[in-house]
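# Coordinate inspection notes
Next come the chains, spelled out residue by residue.
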Amino acid sequence: MNESMDFLLWTRGTAFDVSVAIFIVGMLIRLFEIVSLGRGRDLAAPRGTEFLPGIRTILSRTLPYGGTFKRQPLTVIAGYLFHIGLLVSLLLFIPHIELFRETFGFGWPGLPNPIVDAAAVLGITGLLAALWNRLTNPVMKMLSDSEDYLVWILTFLPLLTGYLAYHRMINPYPLAMGLHILSIELLLVLFPFTKLMHTFTLFLARWYNGAMSGRRGVES
Amino acid sequence: MVDTKTKTLGEILRHSGVSRRGFLKFCTATASMMALPPGMVPAIAAALDKARRPSVIWLSFQECTGCTESLTRSHSPSLENLIFDHISLDYHHTLQVASGDAAEAAREEAMHANAGSYLVVVDGSIPLGNPGYSTTAGFSNLQILEETAAGAAAVIAVGTCAAFGGLPKADPNPTGAVSVRDIVTDKPVINVSGCPPIPVVITGVLAHYLTFGTLPELDQYGRPKAFYGTSIHDRCYRRPFYDKGLFASTFDDEGARSGWCLYKLGCKGPMTYNACATAKWNEGTSWPVESGHGCLGCSQPDFWDAGGFYNALSIPVGELSRTVSYATAAGLGLGAVAAGINHRSKVEANRRHGEVTVDDLEKTS
Amino acid sequence: MNALNTTPVPIEKFTAVEHRFGNTLPLLHEISHALHRLQVEGTVTTLDLNAVPFGPGDERQLVDFLGRGEVSAKLEAMGDSHIRESRYSGVWIVEHWNTSGERVAFQIEITKLPALLEAQQEDIAESLLMLQAALENARNGASV
Ligand code: SF4
Ligand code: SF4
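To keep things clear, this report deals only with the structure shown in the data block. For clarity, every value in this text was computed on a predicted model and none was experimentally measured.

### Focus: the overall build of chain B
- Summing up its helical and strand segments, chain B has 18 helices and nine strands in all.
- Rg of the C-alpha trace for chain B: 30 Å, well past the compact-globule value of 21 Å for 365 residues, more than 25% over.
- Projected onto its principal axes, the C-alpha positions of chain B cover 125 × 50 × 40 Å.
- Burial statistics for chain B: of 365 residues in total, 55% are counted as buried.
- For chain B, the share of sequence-separated contacts (at least 6 apart) that also reach a separation of at least 24 residues comes to 75%.
- About 15,400 Å² of surface is accessible on chain B, with carbon and sulfur atoms providing 56% of the total.
- Separation between the mean location of the 30 positive side-chain charges and that of the 35 negative ones in chain B comes to 6 Å.

This is the structure in structure tokens:
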């Protein structure tokens, strides 16, 4: 009879603890693994330095490569749209910041809710566009496997449920909020074992790319 | 003296010299109290004119008497001389004069005389762990409730304890407390939750039954929609600040002084359904958010277990930083093991790594 | 007691902040629409202000805005009631108190004359009987 409150309490309690634990343990194991494996020794004599090119590549790859934009404008635009929307909603919504403050002991200023709301809409639109692109573009379609779709759903659900909960479009509210939290818990649990790891590994990959090219004295 | 048992409310009022104007005014106040639109006043007047005095049996189980306190402070127009004179409160062991056997006899008499038509009001939860945890006149709460509810028209569970288990049911629920709805399944049960419920909401529900002889429309928690249909957050006058993202961060900062939203200070208004924002408390003086304190969520099931009262609603219930630190420790440990294994295979790979000369290549090809 | 009176007790000065929480504006629009309906269709509207989530100061702002008009009436029936026209003719502010002096209803009525001010059919019938009985008594020699 009290399902929705029980559900909310479960998602805010046991389920949250379990999923956060899985996320952290999984993440650390995988990062350790990747870092400790490192790269094979390069026996060739270096023709340049590694450090600066490494850092530069981490930063420079944040901007799209012109050629890609010309060939796949939608991939680039949808990608940026949803990443920015997602990050703004995740990191600058005040209720979320309160959660981080509770976890890490510090917070940061947030944005007014209407701006975050707009960002969430951008994020949702971006994700939908990305999905459409994936389904209609023959190359994208061929490249996609089930994991890509899984990851899309895992990313889409928190944005969607968050939007619905904020606008109180699901009744009763405890159910709406419970669904939102549950969708994030799903994301957290599967994060370390899917492509979602790119959130962290992208920095490593860019570093390796930059550093290796730097060592060879070529541009990356 | 009019026989209040058989006369209708309209007859009693006219007999005691209340004018039609006075009666209509009373109906207006009743409509407002029942949270019905003013257009309903004529219907209420017509119904109240014909209303008869229902018999009410009030049972108190595992409770703190706060709900009764709340009710007796109700500022309804009716309490002192109408609703409460007009309902026949035949048994309430805190308020009644009779005690012991006489009191129990009054309950039984009311049950027999009004079989099938009396109302049972319950405050407090029912312990199932051990019948001895809470008894009245030697009977366990469960026995009394089952026996009394059997012949009732409906049961009104007043307060969060009766409606959802409340404080006694809070983790770890030492007495095995349950709500009225867990026991009474074959009768309509109206939940009037709140810790305590707003007095006018209690009288409003009684008035609704008295007026229309029917039960009000209920939400999925069995609460009357007229009072519990909207969340605190949706009726909060501080809502514009929430929408703008203006929050008080402490109870005495500039934001608090300017009346900004109390979300960060733990307001549970967004998940709480109750009428505080309009019905208000203490004769309409103010209500918790207006006096600067967030809503605790007192009308929701399990609100005692819904996390710290001063934690923002977005903060999980458990000890988050503890989970994070344990998980980090475990992750670091396991990560180190993984790194160790990787290191061994790398050492192995390096060991096998030999220099290859052009001669070697020629030999193998 | 004397000692108590001389003991200095610091009293924190509390100045309740009244802000414009913006709840009066939609209400005033509603009143204006209702007044329009009264003008063209003769429709009567009653707004229950107990159902409006007022913040501190909102009610005063509304009442100040509406001001006072030409008519003001006091009713004594099961406690006092104040019915007064606002400065906008046709918009009435109605407040009911109970016998213990607590306000039990607060409404805005948009009407030509609040119905409660009219004599009620039931009361008219009853007073006619009373008047006739009194006249009967007078005819039988009792002093009027
Ligand atoms: S004070 Fe509470 S109920 Fe009011 S807007 Fe803020 S969070 Fe919502
Ligand atoms: S504001 Fe919230 S906690 Fe306070 S009485 Fe109302 S519902 Fe209960």
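From this point, things continue past the structure.
### Re the interface of chain B and chain C
- With 33 residues of chain B at the contact, the number on the chain C side is 38 residues.
- Buried surface at the junction of chain B and chain C, both sides included, amounts to about 2,700 Å², of which 58% is carbon and sulfur.
- Considering only the side of chain B, the residues that lose the most area to chain C are Arg21(B), Lys25(B) and Tyr237(B), jointly responsible for 27% of the buried surface there.
- Counting every contact that joins chain B to chain C gives one salt bridge.
- Notably, a salt bridge pairs Glu122(C) with Arg20(B), separated by 3.3 Å at the nearest N-O pair.
- Within the residue set of the side of chain B that touches chain C, elements represented by two or more residues are helix H2 (20-33), helix H14 (239-244) and helix H16 (276-279) of chain B.
- In terms of residue count, H2(B) provides more of the side of chain B that touches chain C than any other element does, 10 residues in total.
- Here the side of chain B that touches chain C is composed, by residue class, of 13 nonpolar, 10 polar and 10 charged.

### Observations regarding the interface of chain B and chain A
- Every contact between the two is made by 50 residues of chain B and, on the other side, 43 residues of chain A.
- It is Tyr221(B), Leu320(B) and Asn342(B) in chain B that bury the most area against chain A; as a group they hold 12% of the surface buried on that side.
- Viewed at the interface, chain A and chain B are joined by one salt bridge.
- In this structure, Asp234(B) and Arg168(A) form a salt bridge, with 3.1 Å as the shortest nitrogen-oxygen distance.
- Across the chain B-chain A interface, the total number found is 17 residue pairs in polar contact (both at pLDDT 80 or more).
- Elements with a minimum of two residues in the side of chain B that touches chain A: helix H8 (159-164), helix H13 (232-235), H14 and helix H17 (320-352) of chain B.

Conventions adopted
Residues numbered from 1 in each chain as written. Chains lettered and ligands numbered in written order. Predicted model: local features only at pLDDT ≥ 70, side-chain atom pairs only at ≥ 80, totals over all residues. Heavy atoms only, no water. Helix = DSSP H or I, 4+ residues; strand = E, 2+ residues; numbered from the N terminus. Rg over C-alpha atoms; globule rule 2.2 N^0.38 Å. Buried < 20%, exposed > 50% of the residue type's maximum accessible area, 1.4 Å probe, protein only. Contact = heavy atoms within 4.5 Å. Areas by Shrake-Rupley, 256 points an atom, 1.4 Å probe, with all protein chains shown as cover. Lys, Arg positive; Asp, Glu negative; His and termini not counted. Charge placed at Lys NZ, Arg CZ, Asp CG, Glu CD. Buried area = accessible area lost by both parts, 1.4 Å probe. Salt bridge = Lys/Arg side-chain N within 4 Å of Asp/Glu carboxyl O. Nonpolar A, V, L, I, M, F, W, Y, C, P; charged D, E, K, R; others polar. Polar contact = N/O pair within 3.5 Å; in protein donor to acceptor, adjacent residues only side chain to side chain.

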